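Each chain, written out:
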Amino acid sequence: AIEANDSHFAGYHGRAASHLLLADFANAEKDYRQALQLLQSESSVGEASSSALDSCWMGLAESLIETKQYDKGLDALCSLNDAATRQQGLDTFVVDALDSELSCAQVAIDADEFSDALPLLTRAIHFESGLVSRKLTRKGYKRRSSLALQRRGQCYLEMEDTDLALADLRQACRLDPGNAE
């Protein structure tokens, strides 16, 4: 379809969706960006185009979040026109991304590889702070962020860095006072 008409978004959108299904996130990102550029360059964005734009933004967000480009993924989600679709994307991708980081960190912690867990936990915490700065927080997100801070604090304790440990554990208690263990 792209060879026949490289100025129509549908070919890029379809190929991007295929790349996404095949977990080829870099090429999915590239094609979603091209589809978005073509859609946005059209002189009038009607309702059908608005739906197509949302589909492209959602696919782009997924490809970015899958490659741990969380800030860019959140920006793409925030570009969605439909509020319900935006919230669905946030609930799906945010929870999956945070759970993935926490799960990988827990594997490292269980293996006493605390220094390997730190960047995973820091990425989860940074992701949640991106949600806060965009006013997109929900209770489930805060609970995961609190858990990331708690685990990172425990890692710092194991690594005998009590100042950083206390700072993280205090912040975890502030975020989720009911879970102050």
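Fair warning: this is a prediction, and the values are worked out from it, not measured in the lab. (Residues numbered from 1 in each chain as written. Predicted model: local features only at pLDDT ≥ 70, side-chain atom pairs only at ≥ 80, totals over all residues. Heavy atoms only, no water.)

Explanation requested: the packing of aromatic side chains in the structure shown.
By convention here, two paired aromatic rings are described through the distance between centres and the angle between planes. As enumerated under the stated definition, the model contains one aromatic pair in all. Residues Tyr 70 and Phe 127 carry aromatic rings whose centres are separated by 4.2 Å and whose planes lie at 20 degrees to one another, so their mutual orientation is stacked. Taken together, the positions of Tyr 70 in helix α4 (residues 70–78) and Phe 127 in helix α6 (residues 114–133) put the pair 57 residues apart, joining distant regions of the chain. The same class applies to Tyr 70 and to Phe 127, which are both buried. (Phe/Tyr/Trp six-rings, centres within 6.5 Å; stacked < 30°, edge-to-face > 60°. Helix = DSSP H or I, 4+ residues; strand = E, 2+ residues; numbered from the N terminus. Buried < 20%, exposed > 50% of the residue type's maximum accessible area, 1.4 Å probe, protein only.)

Help me understand the environment of Leu 169, please; the structure alone is not making it clear to me.
By the element assignment, Leu 169 lies in helix α8 (residues 162–175). Sequence-distant contacts of Leu 169, that is, excluding residues within four places in its chain, are made with Gln 150, Gly 153 and Leu 157. (Contact = heavy atoms within 4.5 Å.)

Even after reading the chapter, I still don't get the pattern of salt bridges, so can you show me in this structure?
Between side chains of opposite charge, pairing is possible as soon as their charged atoms come close. For the structure shown, the criterion picks out six salt bridges. The residue Lys 68 makes a salt bridge to Glu 101 at a minimum N-O spacing of 3.5 Å. Of the two residues, Lys 68 sits in the loop between α3 (47–66) and α4 while Glu 101 sits in helix α5 (residues 83–110), which places them 33 residues apart along the sequence. Looking at Glu 101, the relative accessible area reads 1%, which means it is buried. Linked by salt bridges that have partners in common, Lys 68, Glu 101 and Arg 123 make up one network. (Salt bridge = Lys/Arg side-chain N within 4 Å of Asp/Glu carboxyl O.)

Teacher, can you tell me more about the packing of α4 against α5 here?
The description of two helices packed together rests on the angle between their axes and the distance between the axes. Contact pair α4 / α5: the axes reach a minimum separation of 10 Å and the direction vectors enclose 165 degrees. Considering their axes alone, α4 and α5 lie roughly antiparallel with respect to each other. Once α4 is placed against α5, the crossing between them reads as left-handed. Of α5, the residues touching α4 (which contributes Tyr 70, Leu 74, Leu 77 and Cys 78) are Arg 86, Gly 89, Leu 90, Phe 93, Val 94, Ala 97 and Glu 101. A breakdown of the residues in the contact of α4 with α5 according to their chemical character gives eight nonpolar, one polar and two charged. (Axes fitted to C-alpha atoms, helices over the stretch in contact; angles between N-to-C directions. Parallel < 35°, antiparallel > 145°, perpendicular 65-115°, else oblique. Left-handed = near helix turned anticlockwise from the far one by under 90°. Nonpolar A, V, L, I, M, F, W, Y, C, P; charged D, E, K, R; others polar.)

Sorry if this is basic, but what is going on with the nonpolar core here?
In summary, soluble globular proteins display a tendency toward joint burial of nonpolar side chains. Among the nonpolar cores identified, the biggest contains 50 residues, and Leu 77 and Leu 121 are the most heavily contacted of them. Of all elements in the fold, only α1 (9–21), α2 (25–41), α3, α4, α5, α6, α7 (139–158) and α8 reach the threshold of two or more residues within this core. Not counting the four nearest positions on each side in its chain, Leu 77 is found in contact with Met 58, Ala 61, Ile 65, Arg 86, Gly 89, Leu 90 and Phe 93. (Core = buried A, V, L, I, M, F, W, Y, C linked by side-chain atoms within 4.5 Å.)

What am I meant to see in the environment of Phe 114 here?
By the element assignment, Phe 114 lies in helix α6. When the C-alpha atoms of Phe 114 and Arg 151 are compared, they prove to be 9.7 Å apart, with 37 residues separating the residues in sequence. Not counting the four nearest positions on each side in its chain, Phe 114 is found in contact with Ala 108, Ile 109, Cys 155, Glu 158 and Met 159.

Would you mind going over the packing of α4 against α6 with me for this structure?
Closest axis-to-axis distance for the α4/α6 pair is 10 Å, and the angle between their directions is 30 degrees. Taken together, the axis directions place α4 and α6 in an arrangement best described as roughly parallel. The hand of the α4/α6 crossing is right-handed. When α4 is examined against α6, the residues Tyr 70, Asp 71 and Leu 74 are found in contact with a partner set consisting of Arg 123, His 126, Phe 127, Gly 130 and Leu 131. Partitioning the contact of α4 with α6 into residue classes produces four nonpolar, two polar and two charged.

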